[in-house]
Amino acid sequence: MSQTPSPIGLHKQLDAIWRTPPGLARLSSVNHTILGKRFMALALLFFAIGGLLSMLIRAQLATPNSAFLGPDIYNQIFTMHGTVMMFLFAIPMFEGFAIYMLPKLLGARDLAFPRLTAYGFWCYLFGGSILIIAMLAGVAPNGGWFMYTPLSSKPYTPGINADVWLLGITFVEISAVTAAIELFVTILKMRAPGMALTRMPLFAWYMLVTAGMMIIGFPPLILGSILLEMERAFHLPFFDPTRGGDPLLWQHLFWLFGHPEVYIIFLPAAGALSTIIPVFAQRPILGYRAIIAAIVAMAFLSFGLWVHHMFTVGIPHLALAFFSAASALVAIPTAVQIFAWIGTLASGKPRWDIPMLYVFGFFAVFVCGGLTGVMLAMVPFNTQAHDSYFVVAHLHYVLVGGFVFPMLAAIYYWLPHISGRQSLYRLSIPAFWLILIGFNLTFFLMHLTGLMGMPRRISTYPSNWGWDWLNLLSSVGGFILTMGFALVLADMVLQFRFGARFRRDPWQAGTLEWATATPPPSYNFAAIPHMDTRADQLRPARIGPTLAGGDGYLGFARNGEQETLAVDMMSGDAEQLIVLPRRSYLPLWTAMATASFFLALLFKLYWLAPFGALATLVLFLCWPIGLGSKSDRGPIDIGRGLAVPPDVEAPDNVTVLANRTALVMNGTLFASLLFGGLFLLVVAPNWQGSSAPTLPLWAGALAVVASLSAAGASAMAARRPGSVLPLRAGLVAAIALQVLALTLLALSMGALGDPTGHARQAVPFVTLGYAALHCGLGAIMAAHALWRHAQGYVSARRRTELVLARLWNGYAGGVVVLALGLVALLGLNGVAP
Amino acid sequence: MFKPVALGATPLLLTGCTGALSTLDPAGPRAANLATLWWVMLYGSALLFALVIALFAMAYLRPAWVARITPVQWIVGGGLVLPIPILILLTGTALVLGEQLLPRGDAPLRFGAHAERWQWNFTYPDGREMSDDVLHIPAGQPIDVAVSSADVIHSFWVPRLGGKIDAIPGHENLIRLEADEPGTYWGQCAEYCGPGHDSMWFRIEAHTDEDFTALMEGGQ
Ligand code: HEM
Ligand SMILES: [Cu+2]
Ligand SMILES: [Cu+2]
């Protein structure tokens, strides 16, 4: 730090701190570059598996009366194709890309919670493996990718198939949840100093909105899966119409997730397009602010559209008209982006190169899918096209056009960043034409097949409906398409083997990721730059060597610590020095413990499951050991004449922000549960004459008082971080009160009446269970703060643990109040008709 | 009344796309309406698609007028001025059309279709149940079908007569259909319902008024 070393010397010092050694130690890696690549490679593998399954589908459907696969196998195959493509390919693929790219684009050395990235990866790997192994064992899910009940309920799917889906996908969703929180926090807090929100490159904006949508969008699905698994495993009725449940509740919960999901998949791809197109147009993106407004509008609208998947379930027409109009409205922000992109090309000096070829494919295919989407949004037409091959065509135009083509463009644009080599371009052009022609042959005809009456999800068809030649051509197209993908894969392999090496920035791009060396070093940037302009109009080739020489923030190796910066969310002023945790096997162990929990449920070893959950919790509690600081350090030099406090001494650091975000997510889950209870009360059949849940009033009232007092006590402790006695007394009181509330809630759960008899008991049962769980978590967070305080990690300045205890205890208090409110409402006699 | 319009809108090339389950070969006023809506949307979409692709090509061919379009014109023109009127017109039309298709007003004959894996049982206005998988109706007048399910979700779809409606356990849904002429109209389950989903077919036999009355009075 005293004398500036040479770029090579600096590289050696920093790499010694950040690198992951080879061999088995790779399992301990928490580095975002390594994990991002792992996510993407695994997602590609699942893409290949999903593609293989689609080939089986097309082989089966090529001819009428086909006896290749029977309905039992076929149903597993199309379900797995959809499930693999959506949950194991598309989502993890963009997560992996964002994990790899965002810190480099924003000027950080890693993500906010590197170990959480690793934990997410293991959950993805283990959960995905459960699904694939089940398929090889012949017990894959077979209820379709949206798993409608009652078909997926116990009486109609008695085997393990549906449990594989519910548990496997929920396990995988953990990685989506962790990624969403981590990306959200990272984008808001970990940018290069000077990069105000309004200077962020558009890809970061797209990912910020995507992460926000995931935070709100995933909880309904997770809740639905938990409820359905409880119905299957423990007979608690939520979706069973004979016991006061309603199959429509599942559809609402699923599509509350499922529709935003489509935009969650599209937005990152659009973000990639918004990055690639200006580079080849050789001018900055047109309408930077209009695009931001469009994606925010899209995010909001996408949560008001879910009913367009349910136009034929018998909802009153005027209600449908609202959702129909909202669905049509989404075309506007989409059109804004499409025309911004075309306008960027038209008003620049467009260059033609391989990535642009695939961008063209995007335009041709996606626009078509968008137009059929508007058609499907029209209720009358929907009643004909819904659940027919027209929808299969539409969804592939949107997903392949809106995700796969941009992904291919991104592969040709960014793979050189990963490989350090340039593409050979021999195979990419024939590959493109095979994909474009094969795709349209396969799917364009399906519009017609559907209009001619072919429903989706049938394993075979007789020859008399006139669908034969259409299906045969679709199958031929499918195989042409697959050959195209195989060529792209070969091209990627060849690039790694034979591609020419290059210096920096092969495309004359404008974004910071090209300022790293390629392949990127473990620490990304030897020094972090200061941003004086919008961060998509940089000169990476010029900045790169400067940064490599240590000219910037943190351009040195200090104390062997992994240092990076946090900034003010809005202005981007440097604010905190973050010391990131080192590589560790803990994420792997924790994920294994989580896997034992899910496997115990899957194999119905219900006695084992609590141990799995407990092991996961204990291991998570080991994560903070050794992190943090036992003394106040005050402002620390970060170079360029600036000094900022370490993040543990900052009041709103990434940990606090992440916990607030997690609580929003958690709150969405709880809100979905409340919505479910009210929905059943108002809509479900067989409520007339059901008996009300019985709640001991004193227990409920006392639980509210106890939990709210715990919230108050932990808030008081957080307010007096300096004085030992009130702090400890507050936390101990919070623990005791939450344990009391938990006990009372558990008592009340026992008193409700048989929860397997009717939804009117089952809903209060899980709602109180959720509240009890959060009282427990409140107590644990208070105990955690107490423990950290005892070890000296907490002081008047370092009070993160206290803030967390306050947040979680406050949340628990609120949950207890609302939960008991719902139970009281369901307990009122004289149920609505 | 809508048939000539539908025929007029149907490109000759595709009149070959008839089929016993084809929505493009409507056999009743409701299905004809829906087919017309489809053709109109298809032509509109083809135009819009051509426009986008042409603009993309222009961006590369670079005639002078394209380079002169300002950013605001691109975004306001393409993002707002172009889609908004189209969307308003389309959504409005669809809303009116949808209202017309609702089973509302003077109650016609009401039939029941009860789905059970993997067959359809039909009941008649007089309460009688008749043989599985065939429903007899009078031609030339609208009829209502009350659709329900005994087990999982199914969907009742006779493409040449009108749209579909789901059969959901615990709920009953109503759909109105109409056949212009006597004849056989095939239907099928459109919602995935397990291993027998691919063969959950049924027929609607439409009869002249006299034949239908005779059939009802015959009472088998
Ligand atoms: C590689 C080329 C692909 C082909 C040939 C293909 C083919 C098909 C076919 C024929 C079906 C209908 C199965 C049925 O209804 O019986 C289907 C369903 C589906 N596909 Fe693909 N597909 C391909 C790629 C993709 C991609 C890239 C995605 C998503 C990113 C995707 C997502 C889906 C989904 C969600 C379903 C619905 C599954 C269900 O009904 O449960 N497909 N695909
Ligand atoms: Cu949707
Ligand atoms: Cu079916």
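You'll find the structure just up there.
Position numbers for residues start from 1 in each chain and track the written sequence from start to end. Think of it this way: whatever chain is written first is A, whatever ligand is written first is 1, and the rest follow in order. Totals for whole chains, interfaces and linings use all residues, but because this is a predicted model, local features are given only for residues with pLDDT of at least 70 and pairs of side-chain atoms are given and counted only at 80 or more. With hydrogens and water stripped out, all remaining heavy atoms of the structure feed into the side-chain values.

Peer 1: Explain the overall build of chain A to me, and be specific about the residues and the numbers.
Peer 2: Regarding its fold elements, chain A presents 23 helices and 4 strands. Taken over the C-alpha trace, chain A has a radius of gyration of 27 Å; the compact-globule value for 833 residues is 28 Å, and the two agree within 12%. Across its three principal axes, chain A shows a C-alpha extent of roughly 80 × 75 × 45 Å. In this scheme, a residue with accessible area under 20% of its type's maximum is buried, one over 50% is exposed, and one in between is partly exposed, where area comes from a 1.4 Å probe on protein chains only. Sorting the 833 residues of chain A into buried and exposed places 66% on the buried side. When contacts within chain A are restricted to residue pairs at least 6 apart in sequence, long-range pairs at least 24 apart make up 82% of them. The way it works is that DSSP assigns letters per residue, a run of H or I at least four long becomes a helix, a run of E at least two long becomes a strand, and they are numbered from the N terminus. The globule rule used here is 2.2 Å times the number of residues to the 0.38 power, and the radius of gyration it is set against is calculated over C-alpha atoms. By the convention used here, residues are in contact when the closest approach between their heavy atoms is within 4.5 Å.

Peer 1: How would you sum up the coordination of the copper ion (ligand 2)? Please name residues and give values.
Peer 2: Any N, O or S atom lying within 2.8 Å of the metal counts as a donor, with the limit raised to 3.2 Å for Na, K and Ca; because water is left out of the atom set, some sites can appear incomplete. Protein coordination at the copper ion (ligand 2): the donors are His259(A) (ND1), His308(A) (NE2) and His309(A) (NE2), at 1.7 to 2.1 Å from the metal. A residue is classified by how much of its surface remains accessible, and His309(A), at 19% relative accessible area, is buried.

Peer 1: So what's going on with the sheet that holds strand β5 (residues 143-149) of chain B? Residues and values would help.
Peer 2: Residues and elements named next belong to chain B. Two strands pair under a simple rule: DSSP has to find at least two bridges between them. With mixed pairing, 5 strands are arranged side by side in an open sheet as β3-β2-β1-β5-β8. Pairing within the sheet leaves two strands with one partner each, and these edge strands are β3 (129-130) and β8 (173-177). Two elements, β5 and β8, share 5 bridges in a ladder whose sense is antiparallel. Opposite Asp144, over in β8, you have Arg176 as the bridge partner.

Peer 1: Explain the interface of chain A and chain B to me, and be specific about the residues and the numbers.
Peer 2: Bring the parts together and some accessible area is lost; that lost area is often taken as the interface size. Taken together, the 81 residues of chain A in the interface contact 75 residues of chain B. Here chain A and chain B share an interface that buries about 6300 Å² over both sides, 74% of which is from carbon and sulfur atoms. Looking only at chain A, the three residues that lose the most surface to chain B are Phe339(A), Gln384(A) and Trp465(A), adding up to 12% of its buried area. By convention in these notes, a salt bridge is any Lys or Arg side-chain nitrogen within 4 Å of a carboxyl oxygen on Asp or Glu. On the surface where chain A and chain B come into contact, there are 0 salt bridges. Definition of a polar contact: a pair of N or O atoms within 3.5 Å, with one able to donate and the other able to accept a hydrogen when the atoms are protein atoms, and with sequence-neighbouring residues admitted only if both atoms are side-chain atoms. The tally of links between chain A and chain B comes to 18 residue pairs in polar contact (both at pLDDT 80 or more). Those elements giving two or more residues to the side of chain A that touches chain B turn out to be α3 (71-106), α7 (247-281), α9 (317-329), α10 (331-346), α11 (354-376), α12 (379-385) and α14 (428-451) of chain A. Basically, the charged four are Asp, Glu, Lys and Arg, the nonpolar ten are Ala, Val, Leu, Ile, Met, Phe, Trp, Tyr, Cys and Pro, and anything else, Gly included, counts as polar. Residues that form the side of chain A that touches chain B fall into these classes: 53 nonpolar, 22 polar and 6 charged. The term buried area refers to how much accessible surface (probe radius 1.4 Å) is lost by two components on association, counted for both of them together.

Peer 1: Could you give an account of the packing of helix α5 (residues 161-189) of chain A against helix α6 (residues 202-234) of chain A, naming the residues involved and the relevant values?
Peer 2: Residues and elements named next belong to chain A. Each axis is a line fitted through C-alpha atoms, and for a helix only the stretch in contact is used; angles between axes span 0 to 180 degrees, taken between their N-to-C directions. As a packed pair, α5 and α6 sit with axes 8 Å apart at the nearest point and diverge in direction by 155°. With respect to α6, the axis of α5 lies roughly antiparallel. As for the relative orientation of α5 and α6, their crossing is left-handed in sense. Residue classes in the contact of α5 with α6 are distributed as 21 nonpolar, 3 polar and 4 charged. Our angle categories are set so that under 35 degrees counts as roughly parallel, over 145 as roughly antiparallel, 65 to 115 as roughly perpendicular, and the remainder as oblique. Whether a crossing is left-handed or right-handed is set by the direction in which the near helix is turned from the far one by less than a right angle, anticlockwise for left-handed and clockwise for right-handed.

Peer 1: An account of the side chain of Arg109(A) is requested, with residue identities and associated values reported.
Peer 2: All names here are of chain A. Along the chain, the position of Arg109 falls in the loop between α3 and α4 (114-136). Charged residues are defined narrowly, with Lys and Arg counted positive, Asp and Glu counted negative, and His plus the chain ends left uncounted. For the buried Arg109, which has no salt bridge, the nearest side chain bearing the opposite charge is Glu563, at an N-O separation of 5.4 Å. Side-chain polar atoms of Arg109 contact the backbone oxygen of Leu554, separated by 2.7 Å. With residues up to four places along the chain from it excluded, the contact list for Arg109 reads Leu14, Trp18, His32, Ser522, Tyr523, Asn524, Phe525, Ala526, Ala527, Leu554, Glu563 and Thr564.

Peer 1: An account of the sheet that holds strand β6 (residues 154-157) of chain B is requested, with residue identities and associated values reported.
Peer 2: Strand pairs in the sheet, formed through backbone hydrogen bonds, run parallel or antiparallel to each other. Residues and elements named next belong to chain B. The mixed open sheet is built from 5 strands, whose spatial order is β4-β10-β9-β6-β7. Each edge of the open sheet is held by one strand with a lone partner, namely β4 (134-138) and β7 (164-167). The sheet shows a mean angle of 25° between the axes of neighbouring strands, direction not considered. Both strand β9 (residues 183-189) and strand β10 (residues 201-207) contribute to a ladder of 6 bridges, which runs antiparallel.

Peer 1: I'd like a description of the packing of aromatic side chains, backed by residues and values.
Peer 2: Between 30 and 60 degrees the pair is tilted, below 30 it is stacked and above 60 it is edge-to-face, where a pair is any two Phe, Tyr or Trp rings, Trp via its six-membered ring, whose centres lie within 6.5 Å. A complete count under the given rule lists 73 aromatic pairs over all chains for this structure. Plain terms: the ring middles of Phe87(A) and Trp145(A) are 5.9 Å apart, the flat faces sit at 55° to each other, and that makes the pair tilted. A residue pair is termed long-range when its members are at least 10 positions apart, and Phe87(A) in helix α3 and Trp145(A) in the loop between α4 and α5 qualify at 58 residues. The residues Phe87(A) and Trp145(A) share a single accessibility class, namely buried. Summarising the aromatic geometry, the rings of Phe362(A) and Phe366(A) are spaced 5.3 Å apart at their centres and angled 15° between planes, so their arrangement reads as stacked. One end of the pair, Phe362(A), and the other, Phe366(A), are both in helix α11, 4 residues apart, so they sit about a helical turn from each other. Residue Phe362(A) is classed as buried on the basis of its relative accessible area of 0%. Following the ring pairs from residue to residue traces out a cluster consisting of Phe87(A), Trp145(A), Phe146(A), Tyr148(A), Trp165(A), Phe218(A), Phe238(A), Phe239(A), Trp250(A), Phe254(A), Trp255(A) and Phe257(A). Any Lys NZ or Arg CZ that is within 6 Å of a ring centre and within 35 degrees of that ring's normal is treated as a charge sitting over the ring. Stacked on the ring of Tyr288(A), the Lys or Arg Arg534(A) has its end atom at 3.9 Å from the ring centre. Here the guanidinium or amino end of Arg203(B) rests over the ring plane of Trp186(B), the centre of that ring lying 6.0 Å away.

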